[in-house]
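Coordinate analysis (summary)
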Amino acid sequence: GLALGCLAVAGGLGDYLPVCRVLSMARAADDYPLGPDSQRREGVPRGTITAAQTFRSQIFPGTVREFWVYAPANHDAAKPAAFMVFQDGPSYMKEDGQFRVPVVFDNLIAQGDLPPMLAIFVTPGTFPPDVPGGKARSNRSFEYDGLGDGYARFLLEELLPAVERPHKLSRNPECRGLGGISSGGICAWTAAWERPDEFRRVLSHVGSFTNIRGGYAYPGLIRKAPKKPIRAFLQEGENDLDNLFGNWPLANRQMDAALKATQYDYRFVIGDGGHNGKHGGALMPESLRWLFRDWKDHAP
């Protein structure tokens, strides 16, 4: 059968907007069509994406990964640019995927809703096969789900210097953002939490704030620590995962409650979806506008 209910979009200033949905008792509707800002528009200048670049990490010894850089049309590589780093980069980079970041960036930059900014798409590290024909081993959970400053150090000491060889990046933390889905979502939060002097914009889709590697501790840490200058947009689905690591909707609601109690600049949007990027992809233009809403007040 069908049950009619309402969910809430919560903001850091306590504003709540009702969002009604129809939910199947057997499965979520999970139907979030992409809007016009996620579609190619005639006359909008297109940015470019570099070919994949591969490098080995010293922060995570033995791992290899790839990254790509989107630059908007008419980008001047000699001038400092705002940027977002997207973990699990290929899923965000695909023009026919759920997120379509290059398309959204092109449209929002043309409209003046985003600065002329870069998008950096990076994969988690893998360990190459030990023998010919063997399988590579992923280091994703260790890098993304772990607490501490390891991934922030990787970004600051390895990835961003590699990007900066051809591009000049902003030093203003208000112009530097991180995004990701699932374990990539908590990874984005962790790097900003550890280094808010470097990163202050966080976009989390169905973030894994659960007990994979201790991430369930964040609501308590947020409540007890001095408030950090982080602006965060968190998306979640009522029918997200519930397994031995925890309950994803509950974990994200705990994040919502902690951020609200400590008066962070944040938004929490929960729909009826599962553990995927459908809802987050549909919200991508809105979330980016909100995260960088005051970009004209911050020089790169």
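Our structure's up above, just so we're on the same page.
This report concerns the structure included in the present document. Everything numeric here is computed off the predicted structure, so don't read it as measured data.

1. A look at the layout of surface pockets
Taken as a whole, the largest pocket encloses approximately 220 Å³ of empty space. What lines the largest pocket is a set of 16 residues, and nearest its centre among them are Lys-79, Pro-80, Ala-81, Pro-116 and Pro-300.

2. Here's the deal with the side chain of His-167
Its place among the elements puts His-167 in the loop between helix H4 (150-163) and strand E10 (176-181). Taking relative accessible area as the criterion, His-167 reaches 10% and is therefore assigned buried. In this structure the side chain of His-167 is engaged in a polar contact, spanning 3.4 Å, whose partner is the side chain of His-75.

3. Comments concerning the packing of aromatic side chains
Throughout the structure, instances matching the rule amount to 18 aromatic pairs. For the pair Phe-60 and Phe-142, a centre-to-centre distance of 6.2 Å together with 85° between the ring planes defines the contact as edge-to-face. Of this pair, Phe-60 sits in the loop between strand E4 (53-56) and strand E5 (64-71) while Phe-142 sits in helix H3 (residues 140-145), and the two are 82 residues apart along the sequence. For Phe-60, a relative accessible area of 7% gives the class buried.

4. Remarks on empty space enclosed by the protein
Overall, the coordinates contain one cavity of 30 Å³ or more when judged by the stated rule. Approximately 40 Å³ is the volume found for the largest cavity. As for the largest cavity, its lining consists of Ala-82, Pro-115, Cys-175, Phe-292, Trp-295, His-298 and Pro-300. Looking at the lining of the largest cavity residue by residue, the classes come out as six nonpolar, one polar and no charged.

5. Notes on the nonpolar core
Judged by nonpolar contacts, the single largest core of 46 residues is most densely connected at Val-85, Phe-154, Leu-155, Leu-159, Trp-189 and Ile-222. With eight residues, H4 is the largest single contributor of residues to this core. Beyond its immediate stretch of four places on either side in the chain, Leu-155 contacts Val-85, Gln-87, Leu-160, Pro-161, Leu-178, Ala-191 and Phe-199. Counting 29 residues, the second largest nonpolar core, distinct from the first, contains Val-104, Ile-181, Val-269 and Leu-283.

The rules behind the values
Residues numbered from 1 in each chain as written. Predicted model: local features only at pLDDT ≥ 70, side-chain atom pairs only at ≥ 80, totals over all residues. Heavy atoms only, no water. 1 Å grid on protein atoms, 1.4 Å probe; cavity = no way out; pocket = protein on both sides within 12 Å on 5 of 7 lines; lining within 4 Å. Points joined across faces, edges and corners; volume = space filled by probe spheres on them. Helix = DSSP H or I, 4+ residues; strand = E, 2+ residues; numbered from the N terminus. Buried < 20%, exposed > 50% of the residue type's maximum accessible area, 1.4 Å probe, protein only. Polar contact = N/O pair within 3.5 Å; in protein donor to acceptor, adjacent residues only side chain to side chain. Phe/Tyr/Trp six-rings, centres within 6.5 Å; stacked < 30°, edge-to-face > 60°. Nonpolar A, V, L, I, M, F, W, Y, C, P; charged D, E, K, R; others polar. Core = buried A, V, L, I, M, F, W, Y, C linked by side-chain atoms within 4.5 Å. Contact = heavy atoms within 4.5 Å.

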